[in-house]
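# Fold and geometry: a report
The lines below spell out each chain.
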Amino acid sequence: MGTVRKIEVNPITRIEGHGKITVHLDENGTVSEARFHVTQFRGFEAFTKGRDFREMPEITPRICGICPVSHHLASAKACDAILGVQITSTAHKLRELLHMGQFVQSHALSFFHLSSPDLLFGFDADPAIRNIVGVAAKFPEIATKGIMLRKFGQEIIKTLGGKKVHPWHSIPGGVNRSIKESERDSYLKEIPTMKGYVKDALELVKGYLQEHKDEVSTFAPMKTSYMGLVADGFLELYDGDIRLRGARGRIIDEFPDWAYADYIGEHVEPWSYLKFPFYRPLGYPNGSYRVGPLGRLNACDDISTPEASEELKLYRQAGEEGIVHDVLYYHYARLIEALYGVERIEQLLEDPDITGSDLRITSNELYPEGIGVIEAPRGTLIHHYKVDESGAITDVNLIVATGHNNFAMNKGVEAIAKAYIKGDDVPEGVMNRMEHLIRCYDPCLSCSTHAVGKMPLELSIVDNSGEILRKIYKD
Amino acid sequence: MKAFVLGYGNVSRQDDGAGHLLAGLVARIIRKSGAEVELWRGHQLVPEVLLDIKGYQVLFFCDASLKPYPEGFLIEKVNPGDMKTEGLNMHTFGPANVLSLAEQLTGEVPDAWLISVTGESFDFSHRLTPQCKTRIKSAARAFRSFWKHLSEGL
């Protein structure tokens, strides 16, 4: 029995929701193991049982205040399947427009507000300046661009869904609102400016990756498989097949989203409420993979919009045989997707269908189950419902994006801990590297109660008898 | 005088949504006094709100709190320098952070107050607890006097 001490970092700052990192040391002060715990239990799968399935697109966005649109859309797709309908072309495009608004605002939040402080000031900088307010003080132009880009995405969500958080737009069988020509024109006018903001951010992140090559290549190095939706091989965020690509670039599998349960299993660990999804044919943990921006850009062959496609070519030069493994490249991948999002918004708004009025298909059919899969900003999101003959929910399975990356986050935290921690001396820069590793995956551990969310940062060092050796608080 | 009232919190988590109701009451009091007022409600404060507050002279932030205030609520002045930067995330992006960002990016810092109401329960529900509702009413009554004095002095 070598483990004698335990270090806890609780909660992690600048992550939406709350998590806890535990580092186990052996008797020599060397890290033996590290775990990233998710200690919150939402219970949506349990308490939605008995509700009418038509309510699910309105209930499930409450899981999250940052990416409610993703749950809203995945839920609506599952409900479409229960009704047995193919929604109209206009409804499909309007849903995708809402989705792209979500991608742009969420990626802007992740990069400009949460991650850019670490990149601009460095991991070892004073925590008092290493935040969005610090960025505003020293780099006001960057902060302003982040705010404007996020606002652009949020306004699209508000226009279609009535409000920025927890919008109500998609309904089983379609959508409840189109976009007016005046609204379309006003967003189209902003496209060149928004593209410019994303491209400026791309230059910033590329400069960082170039200047910090050593840190990038040694920052929790890991080679995994990657998963994401594709349509004819192209990056797809709303509706496609699920593709799994191996670490050396080979396409391991590609299957329809409704068949996910045949291919994806979920491993459970007693110390975390978040499950560990894996690719069934390879088992756990060999079948573990990564999702999200890095996963999607590795899984797809190309991107269908011209400027993001060009950027993808540059991005892949950093990889081995086109596959990019370094976790800090998540930021670069995220911004390429933001560029795709802005381009896709432009394409959708220029499509005459987008102002159409054929919004909803009605149906008297009631199939016993429905599956909806989309790409949330953080990765593949799966909603699976079963209903009885009256349409009441009997079973719900939700596989959230953060879950797919659970294994990678744990291994990444462990790699950082092993690289930097010796004994119980844990300088702020090291703690922040561990936090930043988690932030690369942009996990959403759910942000249901912001008042309760105001918790201090607590670090505990505990010996194997349970005695607390040291406690450090951060207000 | 132009006032901007911000009510925020998660209305799906009982008293966490107290700021939404309180903000409506505060805005009504200001409007009845003849002043110009704009009302903003949100899940949580976000950086882009500073684009909305531009040009307003006075801000009122309405929020739920875990702190057990003796009167059930607290009205306090907020300054940019009050912000807590360590551990900052979107959950902890508070009124002082909004003011600080506004100062950095727009050069304008309106006078601002935070009205906090002690929450009783934060479980899954759209209904405020009776205790919290009572505290909101008390806070609104106190604000009526506060506003009278403040607007006379401005």
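### Let's talk about the overall build of chain A
- When you go through chain A residue by residue, the secondary structure sums to 15 helices and 17 strands.
- Out of the 475 residues belonging to chain A, those deemed buried represent 52%.

### With respect to the sheet that holds strand 15 (residues 393-399) of chain A
Residue and element names in this part refer to chain A.
- The strand order across the open sheet formed by three strands is 13-14-15, and the pairing between neighbours is antiparallel. The sheet is open, and its two borders are formed by strand 13 (369-376) and strand 15, each paired with just one other strand. Averaged over all neighbouring strand pairs, the angle between strand axes comes to 10°, with direction disregarded.

### Section: the environment of Leu294(A)
Residues and elements named next belong to chain A.
- Along the chain, Leu294 turns up in helix 10 (residues 293-299).
- Using a count of 29 C-beta atoms within 10 Å as the deciding quantity, one classes Leu294 as buried.
- It is 7.0 Å that separates the C-alpha atoms of Leu294 and Tyr329, two residues lying 35 residues apart in sequence.
- Residue contacts for Leu294: discarding those within four places in its chain leaves Tyr226, Val324, Tyr329, Tyr330 and Ala333.

### Regarding the confidence of the model for chain A
- Summing up the model confidence of chain A, the mean pLDDT is 85 and the portion of residues at 70 or higher is 86%.
- Note that pLDDT drops below 50 for residues 446-461 of chain A; the model gives that stretch 64 contacts with residues more than four away or on any other chain.

### Observations regarding unusual backbone geometry
Residue and element names in this part refer to chain A.
- Note the cis peptide between Tyr284 and Pro285, where omega equals 5°.
- With respect to the element layout, Pro285 can be found in the loop between strand 11 (276-279) and strand 12 (289-290).
- The backbone of Ala220 shows a phi angle near 50°, a positive value even though the residue is not glycine.
- Following the sequence through the fold, Ala220 ends up in the loop between helix 8 (213-218) and strand 6 (225-231).
- With phi around 50°, Glu321 is a residue other than glycine that occupies positive phi space.
- Mapping Glu321 onto the fold places it in the loop between helix 11 (306-316) and helix 12 (329-350).
- Taking the number of C-beta atoms within 10 Å as the measure of exposure, Glu321 has 9 and is therefore exposed.

### Let's talk about the nonpolar core
- One finds Leu22(B) and Val26(B) to be the most contacted residues of the largest nonpolar core, which totals 167 residues.
- With 13 residues, the single largest contributor to this core is helix 12 of chain A.
- Three or more residues apiece are contributed to this core by two domains, here domain 1 (3-40 + 411-474) and domain 2 (86-217 + 327-358) of chain A.
- Discounting residues that sit within four places of it in the chain, Leu22(B) has contacts with Gly7(B), Cys62(B), Ile115(B), Val117(B), Ile136(B), Ala139(B) and Ala140(B).

### A look at the packing of helix 1 (residues 18-32) of chain B against helix 4 (residues 130-153) of chain B
All names here are of chain B.
- Where helix 1 meets helix 4, the axes come as close as 10 Å, and the angle between the chain directions of the two elements is 30°. The angle between helix 1 and helix 4 falls in the class roughly parallel. For helix 1 against helix 4, the interelement crossing comes out right-handed. Where helix 1 abuts helix 4, its residues Ala18, Leu21, Leu22, Leu25, Val26, Ile29 and Ile30 lie against Cys132, Ile136, Ala139, Ala140, Phe143, Arg144 and Trp147.
- Residue composition of the contact of helix 1 with helix 4, by class: 13 nonpolar, no polar and one charged.

### As for helix 1 of chain B
All names here are of chain B.
- With 15 residues, helix 1 extends 22 Å between its outermost C-alpha atoms, agreeing within 8% with the 21 Å of an ideal straight helix rising 1.5 Å per residue.
- Of the positions making up helix 1, those classed as buried are Ala18, Gly19, His20, Leu21, Leu22, Ala23, Leu25, Val26, Ala27, Ile29 and Ile30.
- Immediately beyond the C-terminal end of helix 1, within one or two residues, lies Gly34, with a positive phi of roughly 95°.

### Thoughts on the domain arrangement of chain A
All names here are of chain A.
- According to the domain assignment, chain A contains domain 1 (3-40 + 411-474) and domain 2 (86-217 + 327-358).
- At eight residues, helix 15 (residues 428-440) tops the list of elements feeding residues into the side of domain 1 that touches domain 2.
- In terms of residue class, the side of domain 1 that touches domain 2 is built from three nonpolar, four polar and five charged.

### Some words on the confidence of the model for chain B
- Confidence in the prediction for chain B averages 89 pLDDT; 93% of positions are at 70 or higher.
- Complex prediction metrics read pTM 0.86 and ipTM 0.75.

### A short note on the sheet that holds strand 2 (residues 36-42) of chain B
Residue and element names in this part refer to chain B.
- The five strands lie next to each other as 2-1-3-5-4, forming an open sheet whose pairing is mixed. Strand pairing shows two members of the sheet lacking a second neighbour, strand 2 and strand 4 (73-78), which therefore form its edges. Shown here is a sheet whose adjacent strand axes are inclined to one another by a mean of 20°, direction ignored.
- Pairing geometry for strand 3 (residues 58-65) and strand 5 (residues 111-118), over eight bridges, is parallel. Across the sheet, residue Val58 finds its bridge partner in strand 5, namely Asp111.
- On the sheet, helix 1 packs against strand 1 (2-8), strand 2, strand 3 and strand 5 and is oriented at approximately 165° with respect to strand 1.

### Concerning helix 3 (residues 95-105) of chain B
- Among the eleven residues in helix 3 of chain B, nine count as buried, and that is most of the element.
- For helix 3 of chain B, the complete set of buried residues consists of Pro95(B), Ala96(B), Asn97(B), Val98(B), Leu99(B), Ser100(B), Leu101(B), Ala102(B) and Gln104(B).
- Those residues of helix 3 of chain B that are buried are in contact with helix 5 (132-138) and helix 6 (140-161) of chain A together with helix 2 (49-53), strand 3, strand 4 and strand 5 of chain B.
- Immediately downstream of helix 3 of chain B, the backbone of Gly107(B) shows phi near 75°, a positive value.

### Overview of the packing of helix 6 of chain A against helix 7 (residues 181-211) of chain A
All names here are of chain A.
- Running from N to C, helix 6 and helix 7 cross one another at 145°; their axes reach a closest spacing of 10 Å. Our pair here, helix 6 against helix 7, has a crossing hand that is left-handed. In this structure, helix 6 uses Ile142, Lys145, Met148, Leu149, Phe152, Ile156 and Thr159 to contact helix 7, whose residues at the interface are Glu183, Tyr187, Glu190, Met194, Tyr197, Val198, Asp200, Ala201 and Leu204.
- Looking at the contact of helix 6 with helix 7 residue by residue, the classes come out as eleven nonpolar, one polar and four charged.

### Some remarks on the environment of Trp258(A)
- Relative to the helices and strands, Trp258(A) resides in the loop between strand 9 (251-255) and helix 9 (260-263).
- Along the primary structure Trp258(A) and Asp241(A) are separated by 17 residues, whereas in three dimensions their C-alpha atoms are 8.9 Å apart.

Criteria and cut-off values
Residues numbered from 1 in each chain as written. Chains lettered and ligands numbered in written order. Predicted model: local features only at pLDDT ≥ 70, side-chain atom pairs only at ≥ 80, totals over all residues. Helix = DSSP H or I, 4+ residues; strand = E, 2+ residues; numbered from the N terminus. Buried ≥ 20, exposed ≤ 12 C-beta atoms within 10 Å, placed from the backbone. Pairing = 2+ DSSP bridges. Axes fitted to C-alpha atoms, helices over the stretch in contact; angles between N-to-C directions. Contact = placed C-beta atoms within 7 Å. pLDDT = per-residue confidence, 0-100. Core = buried A, V, L, I, M, F, W, Y, C linked by C-beta atoms within 7 Å. Domains from an automatic or database assignment. Parallel < 35°, antiparallel > 145°, perpendicular 65-115°, else oblique. Left-handed = near helix turned anticlockwise from the far one by under 90°. Nonpolar A, V, L, I, M, F, W, Y, C, P; charged D, E, K, R; others polar. Expected span 1.5 Å × (residues − 1).

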